[in-house]
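Below are the chains, spelled out letter by letter.
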Amino acid sequence: MADASRKSSPPALLLGAGLFVVFELVAFYLLQLLTSGLGMNNQLQPENTIVSNWVKTVVFLLLHLTLVVVAVLMLSNWLPRRYRGQLMGWFYLSLLMSFVLLWPLFS
């Protein structure tokens, strides 16, 4: 049980941060491709409605949440116990990133 109380080393945190960035980039470009047919590119049209962009936003957020939850479930089974302490921190950061990624999605 002494093994579970150890903290992750700085190289392990750096590796986790790198893998987090790679995951978010791949997820963004994959979801951007999947939701490319939804919404309007030009936001400044006279008859622009929020409905199509709302659908794109909700679909993007739900698919991103699904990818994140599946990744957390898979990683919680695959990672050794001493690295699992990082997992929830990256999960919460990924939930925040899903809202941040909406800006480049609509730009």
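Structure's up top.
Residues numbered from 1 in each chain as written. Predicted model: local features only at pLDDT ≥ 70, side-chain atom pairs only at ≥ 80, totals over all residues. Heavy atoms only, no water.

**Q** How would you explain the overall build of the chain if you had to name every residue and give the values?
**A** Helices and strands together make up the secondary structure of the chain, namely four helices and zero strands. Secondary structure elements in the chain, listed N-terminal to C-terminal, are α-α-α-α. The buried share of the chain, taken over its 107 residues, is 22%. Within the chain, counting contacts between residues at least 6 apart in sequence, those at least 24 apart form 74% of the total. Carbon and sulfur atoms provide 74% of the accessible area of the chain, an area that totals close to 7,600 Å². (Helix = DSSP H or I, 4+ residues; strand = E, 2+ residues; numbered from the N terminus. Buried < 20%, exposed > 50% of the residue type's maximum accessible area, 1.4 Å probe, protein only. Contact = heavy atoms within 4.5 Å. Areas by Shrake-Rupley, 256 points an atom, 1.4 Å probe, with all protein chains shown as cover.)

**Q** So what's going on with the packing of helix α1 (residues 10-34) against helix α3 (residues 87-100)? Residues and values would help.
**A** One way to put it is that α1 packs onto α3 with a least axis distance of 11 Å and a crossing angle of 30°. Between α1 and α3, the angle is such that the two are roughly parallel. The two elements α1 and α3 cross, and the hand of that crossing is right-handed. On α3, the residues that touch Leu13, Gly16, Ala17, Phe20, Phe23 and Glu24 of α1 are Trp90, Leu93, Ser94 and Met97. Residues that form the contact of α1 with α3 fall into these classes: seven nonpolar, two polar and one charged. (Axes fitted to C-alpha atoms, helices over the stretch in contact; angles between N-to-C directions. Parallel < 35°, antiparallel > 145°, perpendicular 65-115°, else oblique. Left-handed = near helix turned anticlockwise from the far one by under 90°. Nonpolar A, V, L, I, M, F, W, Y, C, P; charged D, E, K, R; others polar.)

**Q** Mind laying out α3, listing which residues take part and the relevant values?
**A** Between the first and last C-alpha of α3 there are 20 Å, a value that for 14 residues agrees with the 20 Å anticipated at 1.5 Å per step. Every buried residue belonging to α3 is among Leu87, Phe91, Ser94 and Ser98, and all of these are buried. Buried residues in α3, looked at end-on, bunch into an arc of 60°, giving them a common side. Of the exposed residues in α3, the ones pointing more than 90 degrees away from its buried face are Leu96 and Phe99. (Expected span 1.5 Å × (residues − 1). Arc of directions from axis to C-beta.)

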